[in-house]
Amino acid sequence: MTKDRFARLVKNFGDWHTKNVKAGTVNDNLTSVLWLNHKSAGYIGMVTQVDATVPDARKILDDYLGAITEGLDVANEPMSVPMGEVAAMPELAEPRRMPWLQATRYIGTTNPTLNDPTFRSDFKSAYYRRTMPTAHIDEFYKHLTRDDLVNPTAAVQVSSFGGQVNAVAPDATAAPHREAAYKAAWGLWWNDPAAEEISLRWIREFYHGVFAATGGVPVINDLTDGAYVNYADIDLSDPKYNTSGVPWHDLYYKSGYARLQKVKKAYDPRDFFRHSQSVKLPTT
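In short, a report on the structure. (Residues numbered from 1 in each chain as written. Predicted model: local features only at pLDDT ≥ 70, side-chain atom pairs only at ≥ 80, totals over all residues. Heavy atoms only, no water.)

Comments concerning the packing of aromatic side chains
Each aromatic ring pair is characterised by the separation of its centres together with the angle its planes make.
Here comes step 1: The final tally for this structure, using the stated rule, is 22 aromatic pairs.
Here comes step 2: Ring geometry for Trp186 and Tyr207: centres 5.0 Å apart, planes at 90 degrees, overall edge-to-face. Here Trp186 is found in strand β5 (residues 182-190), whereas its partner Tyr207 is found in helix α5 (residues 196-210), with 21 residues between them in sequence. Like Tyr207, Trp186 is buried. (Phe/Tyr/Trp six-rings, centres within 6.5 Å; stacked < 30°, edge-to-face > 60°. Helix = DSSP H or I, 4+ residues; strand = E, 2+ residues; numbered from the N terminus. Buried < 20%, exposed > 50% of the residue type's maximum accessible area, 1.4 Å probe, protein only.)

Shown next as structure tokens:
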């Protein structure tokens, strides 16, 4: 996976999702996760699911796989090793139909890493509205090929967003990211205390290197659309790492934060339920 091949793969993924950012096409029935793993993992992996009940489901899948691999001369292989937070799935190298719950569990409860209580971990995130620019992709390649970290769980999980998700208005719920095409999630796990320093340094330098031009975070502009609240990232609250001037709650909630504060005041006026990035009580 040379730098040029890597860039082509990431651009192909971004181009397809940018093209299909709006709801209302057959591609609403497809979701895909691309694991851009650190080189110590040995592989880059992708898992894609399509609703098998829609007409021409296999064609939807094949067209998608063709678009993502266009221009690449790297052979596809069975996913025989774990990828980030998911188990190996060599039996799914050839597409197959399965019940919904079984398909869902492959990315959820069968996960050997998330269910291991001995691991420590750290996560960061960003929503992208369109294909990554070359400067971002260069940073991805730089940090995923670093030699000072050897950790096969270290990866950026790039997953489908958009489509039917974007059929909902940004102000209709507490989740305002309804204009993004895909989401990137940085993450890694470790259980040796001695590995903590390099693990945190790697993910911080990676993330802040990608977003160096916007104060170290994915500000809301024509390229990025903030961050995902369920990957709680205390660095977004720290002016040492977030020099953008955009507060953490705007990255998570955009303009909806004030409404959430009103809910907080109504249901938890004593701030009993709190943590370092919980919704704060309004000051007025």
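Resuming the write-up.
Structural notes on helix α1 (residues 3-19)
Here comes step 1: Spanning 17 residues, α1 covers 24 Å between terminal C-alpha atoms, matching the ideal 24 Å at 1.5 Å per step.
Here comes step 2: Within α1, burial applies to Phe6, Ala7, Leu9, Val10, Asn12, Phe13, Gly14, Trp16 and His17.
Here comes step 3: Buried residues in α1 make contact with β1 (30-37), α2 (57-69), α4 (134-144), β4 (155-160) and β5. (Expected span 1.5 Å × (residues − 1). Contact = heavy atoms within 4.5 Å.)

Some points on the environment of Arg201
Here comes step 1: Tracing the chain through its elements places Arg201 in helix α5.
Here comes step 2: C-alpha of Arg201 to C-alpha of Leu149: the two residues are 52 residues apart in sequence and 9.7 Å apart in space.

Focus: unusual backbone geometry
Here comes step 1: Of note, Lys254 is a non-glycine position whose phi angle comes to about 55 degrees, a positive value.
Here comes step 2: Within the fold, Lys254 resides in the loop between α6 (248-253) and α7 (257-267).
Here comes step 3: A residue is classified by how much of its surface remains accessible, and Lys254, at 14% relative accessible area, is buried.
Here comes step 4: Positive phi, normally seen in glycine, also occurs at Asp271, with a value near 55 degrees.

Here we look at the pairing of β1
Here comes step 1: With seven of its eight residues buried, β1 lies for the most part within the structure.
Here comes step 2: Sheet topology places β1 next to β4; five bridges connect them, and they run antiparallel. Its bridge partner being in β4, Leu36 is matched across the sheet by Val156. (Pairing = 2+ DSSP bridges.)

Description of the sheet that holds β5
Here comes step 1: With respect to topology, five strands assemble into an open sheet ordered β2-β1-β4-β5-β3, the strand pairing being antiparallel. Edge strands, defined here as strands with exactly one partner in the open sheet, are β2 (45-50) and β3 (120-128). Ignoring strand direction, the axes of neighbouring strands in this sheet form an average angle of 15 degrees.
Here comes step 2: Examined bridge by bridge, β1 and β2 share six bridges and lie antiparallel to one another. Across the sheet, Leu34 pairs through a bridge with Met46, a residue of β2.
Here comes step 3: Of the strands in this sheet, β1, β4 and β5 are in contact with α1, which crosses β1 at around 155 degrees.
Here comes step 4: Relative to the sheet, α2 contacts β1 and β2, its axis offset from that of β2 by approximately 155 degrees. (Axes fitted to C-alpha atoms, helices over the stretch in contact; angles between N-to-C directions.)

Quick look at the nonpolar core
Here comes step 1: With 50 residues, the main nonpolar core has Leu36, Tyr128, Phe140, Trp186, Trp202, Phe206 and Leu236 as its most contacted residues.
Here comes step 2: With residues near it in sequence (within four places) discarded, Leu236 still touches Tyr207, Val217, Ala227, Asn242, Trp248, Leu251, Tyr252 and Gln277. (Core = buried A, V, L, I, M, F, W, Y, C linked by side-chain atoms within 4.5 Å.)

Thoughts on the packing of α1 against α2
Here comes step 1: Look at α1 against α2: their axes get within 7 Å of each other, and the N-to-C directions meet at 135 degrees. Overall, the two elements α1 and α2 adopt an arrangement that is oblique. Of the residues in α2, those in contact with Leu9, Asn12, Phe13, Trp16 and His17 of α1 are Tyr64, Ala67, Ile68 and Thr69.
Here comes step 2: Counted by class, the contact of α1 with α2 contains six nonpolar, three polar and no charged residues. (Parallel < 35°, antiparallel > 145°, perpendicular 65-115°, else oblique. Nonpolar A, V, L, I, M, F, W, Y, C, P; charged D, E, K, R; others polar.)

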